[in-house]
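# Coordinate inspection notes
Here is what each chain is made of, one letter per residue.
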Amino acid sequence: DRGGAEVLAGILGEERARGTVLLIVTHDLEAVAGLVGRAIVLRRGRKAYDGPAPATGDELRRLYREKVELCSPLPLAGEG
């Protein structure tokens, strides 16, 4: 829910400010926008992007779309 997400974002922001390393795995790009400094995008289990995280949910979605949705399919294990 929205209230819970805001509380979690506050806690994660405080921990990041203290220098705590956080590993967040999510499909909710809005929830992490502005909280993360580095983004790793996986596509079919392989790293498609590893670098600075965009600051907004829209930019994160654009990055995801560019690196995952618009790419030609990667072969699965045992294919091609």
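Structure first, text after, so check above.
Everything numeric here is computed off the predicted structure, so don't read it as measured data.

### Topic: the overall build of the chain
What the chain contains, in helices and strands, is three helices and two strands. Counting from the amino terminus, the chain carries its helices and strands in the arrangement α-α-β-β-α. When each of the 80 residues of the chain is scored for burial, the buried share is 18%. Counting only carbon and sulfur atoms, one obtains 55% of the accessible surface of the chain, whose full area is about 6,100 Å².

### Focus on the pattern of salt bridges
Following the criterion strictly, the structure yields four salt bridges and no others. The salt bridge partner of Asp50 is Lys47, with a shortest N-O separation of 3.4 Å. You can call Lys47 exposed: its relative accessible area is 54%. Across the pair Arg61 and Asp58 runs a salt bridge, and its minimum N-O distance is 2.5 Å. Remark: Asp58 and Arg61 occur in helix 3 (residues 57–69); sequence separation between them is three residues, near one turn of the helix.

### Some points on the environment of Ala31
With respect to the element layout, Ala31 can be found in helix 2 (residues 29–32). Taking the C-alpha atoms as reference, Ala31 lies 7.1 Å from Ala9; in sequence the two are 22 residues apart.

Conventions used here
Residues numbered from 1 in each chain as written. Predicted model: local features only at pLDDT ≥ 70, side-chain atom pairs only at ≥ 80, totals over all residues. Heavy atoms only, no water. Helix = DSSP H or I, 4+ residues; strand = E, 2+ residues; numbered from the N terminus. Buried < 20%, exposed > 50% of the residue type's maximum accessible area, 1.4 Å probe, protein only. Areas by Shrake-Rupley, 256 points an atom, 1.4 Å probe, with all protein chains shown as cover. Salt bridge = Lys/Arg side-chain N within 4 Å of Asp/Glu carboxyl O.

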